Amino acid sequence: MKTPALVCSEAFSVFLHKHCPVVAERFSPTPWCWGGRLQTLVCALIKSRPPVAYRNELIRTVDGGQISLDWVDNQTSVTYPEPSTRPTVLILPGLTGNSQQSYVLHAINQATRHGYRCVVFNNRGLGGEELLTPVTYCAANTSDLERVVTHVKGLYPHAPVLGAGVSLGGMVLLNYLARKRTESGMVAGITISVPWNALKSSDSMEEPLNWLLFNKYLTSGLCRAVIRHRKILEKVVDVDYVLKARTIREFDERFTSLLFGYKSCTDYYHDASPDKKLPNTAVPILCLNAADDPFSPQTAFPVTIVQSLPNVALLLTAHGGHIAFLQGLFPRGESYMERLFSQFVQAVFEYPRDIERACSVRGEQISE
């Protein structure tokens, strides 16, 4: 199997090869689980779930809503015994995900091993909390993430924060980093299986087999969340009409785009797509995608854009599916995705000056 393609500046490449050796490894998917669809399905079914004990915190938003944060304080950290300077990994789950997803549990397992603190930002209505206002979340809206970052930095102003976004969480993270530029409050970002262009992702997900295997299931999950919060949401949308949606695009047409004031779903998808916004980002970012991801078609990968940027690296594998990247005969434990996450997070926190120089980022830009 070919070595994954690494698209980035020469300086960023040197840094990654030195501190994240997994980028130079050949990625060989599980022999009996080759294609992207199969990788995605098998991962969801058999991936292990490391035990994680969370401390939940509810914070209020300007509009009167609330956000559920799940913390792993890692108070027994030997490397960083002082909480005020203990590095923090802020994790953003996918479309219908929360802190209980296996990929989140594995990420926390990796980060806490290095002595870091973790906090999971559950999208409104998905963290077990009640919706206090008729507002949920969307890939283009970054106000809730800004509220969370401000809160985390307020608690630990001297602790560096790295953002880790998975799928839709990666879209939110990239849109936030592009919007806030040097004022993001983060030292770096990493995304896994981010859909770069929402329209192209929708087209791919509406192919018959992808609709049957993935789209239908995710749309049901979105509708279940609406049912759970029906009482408050029926003030602003026709809930019965929303629940008849059979695709994510139909759901976004009837619910998300309406809720966030877009004239059409097309307008929302254009605003949500992070591909063209990468030049506005100002911190080091590593993005992992698989060419056979049914959620994020490779025709949308922003290769040309990334080639001209000093601070963004795009790591592309031929196989791996969506949030899967399974390896070995019995791929229940950590795999390529987890090892890359582990190495990059450690590289960012342990070699901050090196990565700043490699990405042409000034120290004062990312110390906010």
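Residues numbered from 1 in each chain as written. Predicted model: local features only at pLDDT ≥ 70, side-chain atom pairs only at ≥ 80, totals over all residues. Heavy atoms only, no water.

**Student:** With reference to specific residues and values, describe helix α7 (residues 208-228).
**Tutor:** In an α-helix, one turn spans 3.6 residues; hence positions three or four apart end up facing the same way. Taking 1.5 Å per residue, 21 residues should reach 30 Å; α7 reaches 29 Å between its end C-alpha atoms and fits that length. At N215, α7 is deflected by roughly 40°, the largest bend along its length. Summarising the contacts, the buried residues of α7 are in contact with α2 (36-46), α6 (198-205), α8 (230-233), α9 (239-242) and α10 (248-259). (Helix = DSSP H or I, 4+ residues; strand = E, 2+ residues; numbered from the N terminus. Expected span 1.5 Å × (residues − 1). Bend = angle between axes of the 7 residues up to and from the residue. Contact = heavy atoms within 4.5 Å.)

**Student:** Describe the sheet that holds strand β6 (residues 161-166), with residues and values.
**Tutor:** Read across the sheet, nine strands follow the order β1-β9-β8-β7-β6-β4-β5-β3-β2 without closing on themselves; strand pairing throughout is mixed. Unpaired on one side and paired on the other, β1 (5-7) and β2 (55-60) mark the two borders of the sheet. Adjacent strand axes in the sheet meet at a mean angle of 20° when their direction is disregarded. Pairing geometry for strand β4 (residues 88-92) and β6, over five bridges, is parallel. Paired with I91 across the bridge in β6 is A164. Most of the contacts of helix α3 (residues 102-113) go to strand β5 (residues 117-122), to which it runs at about 160°, and overall it touches β3 (66-72), β4, β5 and β6. (Pairing = 2+ DSSP bridges. Axes fitted to C-alpha atoms, helices over the stretch in contact; angles between N-to-C directions.)

**Student:** Residues and numbers for helix α11 (residues 265-272), please.
**Tutor:** All buried positions along α11 are accounted for by C265, Y268, Y269 and A272. Mapping the buried residues of α11 onto a view down its axis gives an arc of 95°, with all of them on the same face. Packing partners of the buried residues in α11 comprise α5 (168-180), α6 and α10. (Buried < 20%, exposed > 50% of the residue type's maximum accessible area, 1.4 Å probe, protein only. Arc of directions from axis to C-beta.)

**Student:** Explain the nonpolar core to me, and be specific about the residues and the numbers.
**Tutor:** One finds L90, L145, M186 and W196 to be the most contacted residues of the largest nonpolar core, which totals 66 residues. Looking at this core element by element, the count peaks at seven residues for α5. What L90 contacts, discounting residues up to four positions off in sequence, is V119, F121, L145, V148, V149, V161, L162, G163, A164 and M186. Grouped together as the second largest cluster of nonpolar side chains are 47 residues, F12, Y103, A164 and F325 included. (Core = buried A, V, L, I, M, F, W, Y, C linked by side-chain atoms within 4.5 Å.)

**Student:** Go over the packing of aromatic side chains, please, and point to the residues and values.
**Tutor:** Applying the stated criterion to the full structure yields ten aromatic pairs. With centroids separated by 6.1 Å and ring planes inclined at 65°, the aromatic side chains of F27 and F325 adopt a geometry described as edge-to-face. With a gap of 298 residues between them, F27 in the loop between α1 (10-19) and α2 and F325 in the loop between β9 (312-317) and α13 (336-350) connect regions that are remote in the sequence. Accessibility expressed as a relative area gives 0% for F325, which makes it buried. Ring centres of F214 and F295 lie 5.4 Å apart, and the angle between their planes is 55°; on these two criteria the pair is classed as tilted. (Phe/Tyr/Trp six-rings, centres within 6.5 Å; stacked < 30°, edge-to-face > 60°.)

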